[in-house]
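# Topology and contacts: notes
Next come the chains, spelled out residue by residue.
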Amino acid sequence: MPTTSKLFSTNEPLNTKSDRLLSVIFEYMTKISVETDMKKLVMNLADLGRELVSADRCSVWLHEPNEKTLWTVGGHGVKTITIPEDSGFVGHSIQTGEELIIEDAYADSRFNWTVDEETGYQTTSVLCIPFRNADGEIIGAYQAINKLTETKAFTNRDLDVLKIASNFTGKSLEAIILRNELVETQKEIIVTMGEIGESRSQETGFHVKRVAKYSYLLACLAGIPDHEALKFKYASPMHDIGKVAIPDSILLKPGKLTEEEFSLMKQHTTIGHNVFKNSKRELLQIAAIIANEHHERYDGNGYPAGKKGEDIHLYGRITAVADVFDALGSDRVYKKAWPLEKITAYMKEERGKQFDPGLVDLFLENLDRFIEIRDEFVDGCDR
């Protein structure tokens, strides 16, 4: 059985309870203000509400006006549940802006039975408060369920206290939704720009997708934490963006480049780096590193700076392996795709020369996983 809230489980004087109330609010607001993970943020918000009003459960709902639905972002004892926008206490609060105190949920015609039927839970008393974004628009509702004190009924004081959590919920969720949208927009722009760069050299968008997936897998195998490897994956499509500035006469030349032409071609690394180097966005900073260093060689004979060994950023060393594996296995204007046996022989031969030897070993030890990615994104297919 859930325990009663620390705030209202004793006969403490009101001023002591108020001190506890402020302590709980500051404790959770500190955690919530720095949280960037949506699921953890919502659970902190739900925990805050449960603690403030001595409820058994709290849940957070968002309104999807385009879909005309409401859905549970998170909370205690619930998975994602979707209901019509005008359904239940939540729907009523969002549609009308009304705050609700319900003593007997089952006796109220507005009650939506979906959650209890799906979870086996029994709802009795309910507090429901709509929350708004910075523009004052109602975007969701905060719900506390089943008061745990002897009266088992929520009070007007509970409603006033829960408004604190509700107001903070609206602002916190809007902030993280906008942040996620910004990250998604950056990712979409990066992929699109990467595909534009590849199309200039008559390569398909699948090249940048494959290189991104190869790079992510190799990064994970190399021990890079998943959250960092994902950022690397999202920035990876920018590795050849500098090609947009290379003349077609060089980029599309079917034969071997002259020394002068190759000198111009090599500038695509510096050009790509210059595009992103002054950005304060983390993904674009990573893109700048990848663009600049993916043609450096482990033996120091690469370009543009002739960096050697681990002086080359790990992102550059990983992208070099991923990019060359895909390039050798693909048709280009100047060559036909190599068979897998020839590619792996080349990777072994260039171990410690063009490529980081440890990364080559990881690549070859997990070759089947890279082949699965290659086969998933085949040039010319509709997937």
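Refer to the structure above for everything that follows.
Being a predicted model, the structure only gives us computed values, none of them experimental.

The next subject is the overall build of the chain. Along the chain, the regular secondary structure elements total 15 helices and six strands. Split by element, the accessible area of the chain, about 19300 Å² in all, is 50% carbon and sulfur.

By the definition in use, this model includes two cavities of 30 Å³ or more. As for the largest cavity, its lining consists of 19 residues, of which Trp-61, Asn-112, Val-115, Gln-143 and Ile-145 are closest to the centre. For the lining of the largest cavity, the secondary structure elements donating two or more residues are strand S1 (55-64), helix H3 (88-96), helix H4 (114-119) and strand S6 (138-147). At four residues, the largest contribution of residues to the lining of the largest cavity is made by S1. Approximately 40 Å³ is the volume found for the second largest cavity. Taken together, Glu-296, Arg-297, Tyr-298, Ile-312, Arg-317, Ala-320, Gln-354, Phe-355 and Asp-356 make up the full set of residues lining the second largest cavity.

A few words now on the sheet that holds strand S2 (residues 69-75). Taken in spatial order, the six strands make up an open sheet running S3-S2-S1-S6-S5-S4, and their pairing is antiparallel. Of all strands in the sheet, those with a lone pairing partner are strand S3 (82-84) and strand S4 (100-102), marking the two edges. With direction set aside, neighbouring strand axes in the sheet form an average angle of 25°. Pairing of S1 with S2, which is carried by six bridges, proceeds in the antiparallel orientation. Following the sheet pairing, Val-60 is matched in S2 by Gly-74. Docked against the sheet, helix H2 (residues 38-53) engages S1, S2, strand S5 (126-132) and S6, running at close to 135° with respect to S1. Each of S1, S2, S4, S5 and S6 touches H3; the most contacted strand, S6, lies at about 140° to it.

Turning our eyes to something else, we now look at the nonpolar core. Ranked by internal contacts, the top residues of the largest apolar core, which has 35 residues, are Phe-325 and Phe-363. The leading source of residues in this core is helix H12 (residues 314-328), at eight residues. Contacts of Phe-325, omitting those with residues within four sequence positions, involve Tyr-214, Leu-340, Ile-343, Met-347, Phe-363, Leu-367 and Phe-370. Among the nonpolar cores identified, the runner-up in size contains 24 residues, and Leu-41, Val-73, Ile-139 and Phe-154 belong to it.

All of the buried residues along helix H10 (residues 267-276) are His-268, Thr-269, Gly-272 and Phe-276. Seen end-on, H10 carries its buried residues on one side only, within an arc spanning 105°.

A few words now on the packing of H12 against helix H13 (residues 340-349). Packed helix pairs are characterised by how far apart their axes lie and by the angle those axes make with each other. Interaxial distance between H12 and H13 falls to 10 Å at its minimum, and their mutual angle equals 150°. Here H12 is positioned roughly antiparallel relative to H13, judged by the angle of their axes. Read as a crossing pair, H12 and H13 show a hand that is right-handed. Every residue of H13 that contacts H12 at Val-321, Val-324, Phe-325 and Leu-328 is listed here: Leu-340, Ile-343, Tyr-346 and Met-347. Residue classes in the contact of H12 with H13 are distributed as eight nonpolar, no polar and no charged.

Attention shifts here to the environment of Phe-363. Secondary-structure assignment places Phe-363 in helix H14 (residues 357-365). Sequence separation between Phe-363 and Tyr-214 is 149 residues, and the spatial gap between their C-alpha atoms is 9.3 Å. For Phe-363, the contacting residues outside a window of four places in its chain are Leu-218, Val-321, Phe-325, Met-347 and Phe-370.

On to the pairing of S2. Burial of S2 is extensive: six of the seven residues sit out of reach of the surface. Between S1 and S2, which pair antiparallel in sequence order, lie four residues; one of them, Lys-68, sits at a positive phi of approximately 55°. Pairing of S2 with S3 involves three bridges; the strand directions are antiparallel. Looking across to S3, one finds that Trp-71 is bridged to Thr-82. Connecting S2 to the next strand, S3, in antiparallel fashion are six residues, including Gly-77 with a positive phi near 75°.

Residue position: Glu-85 is located in the loop between S3 and H3. Lys-68 is the oppositely charged side chain nearest to the buried, salt-bridge-free Glu-85, at an N-O distance of 5.4 Å. Reaching out from Glu-85, the side chain makes a polar contact with the side chain of His-63 at a distance of 2.7 Å. Once you skip the residues sitting within four places of it in the chain, Glu-85 turns out to touch His-63, Pro-65, Lys-68, Thr-69, Leu-70, Gly-91 and Gln-95.

The next subject is unusual backbone geometry. Going from Tyr-303 to Pro-304, the amide bond is cis rather than trans, its omega being 15°. Here Pro-304 is to be found in the loop between helix H11 (282-293) and H12. Unlike most non-glycine residues, Asn-146 shows phi in positive territory, near 65°. With respect to the secondary-structure elements, Asn-146 resides in strand S6. Unlike most non-glycine residues, Lys-152 shows phi in positive territory, near 60°. Structurally, the position occupied by Lys-152 is in the loop between S6 and helix H5 (156-200). You can call Lys-152 exposed: its relative accessible area is 56%.

What counts as what
- Residues numbered from 1 in each chain as written.
- Predicted model: local features only at pLDDT ≥ 70, side-chain atom pairs only at ≥ 80, totals over all residues.
- Heavy atoms only, no water.
- Helix = DSSP H or I, 4+ residues; strand = E, 2+ residues; numbered from the N terminus.
- Areas by Shrake-Rupley, 256 points an atom, 1.4 Å probe, with all protein chains shown as cover.
- 1 Å grid on protein atoms, 1.4 Å probe; cavity = no way out; pocket = protein on both sides within 12 Å on 5 of 7 lines; lining within 4 Å.
- Points joined across faces, edges and corners; volume = space filled by probe spheres on them.
- Pairing = 2+ DSSP bridges.
- Axes fitted to C-alpha atoms, helices over the stretch in contact; angles between N-to-C directions.
- Contact = heavy atoms within 4.5 Å.
- Core = buried A, V, L, I, M, F, W, Y, C linked by side-chain atoms within 4.5 Å.
- Buried < 20%, exposed > 50% of the residue type's maximum accessible area, 1.4 Å probe, protein only.
- Arc of directions from axis to C-beta.
- Parallel < 35°, antiparallel > 145°, perpendicular 65-115°, else oblique.
- Left-handed = near helix turned anticlockwise from the far one by under 90°.
- Nonpolar A, V, L, I, M, F, W, Y, C, P; charged D, E, K, R; others polar.
- Lys, Arg positive; Asp, Glu negative; His and termini not counted.
- Salt bridge = Lys/Arg side-chain N within 4 Å of Asp/Glu carboxyl O.
- Polar contact = N/O pair within 3.5 Å; in protein donor to acceptor, adjacent residues only side chain to side chain.

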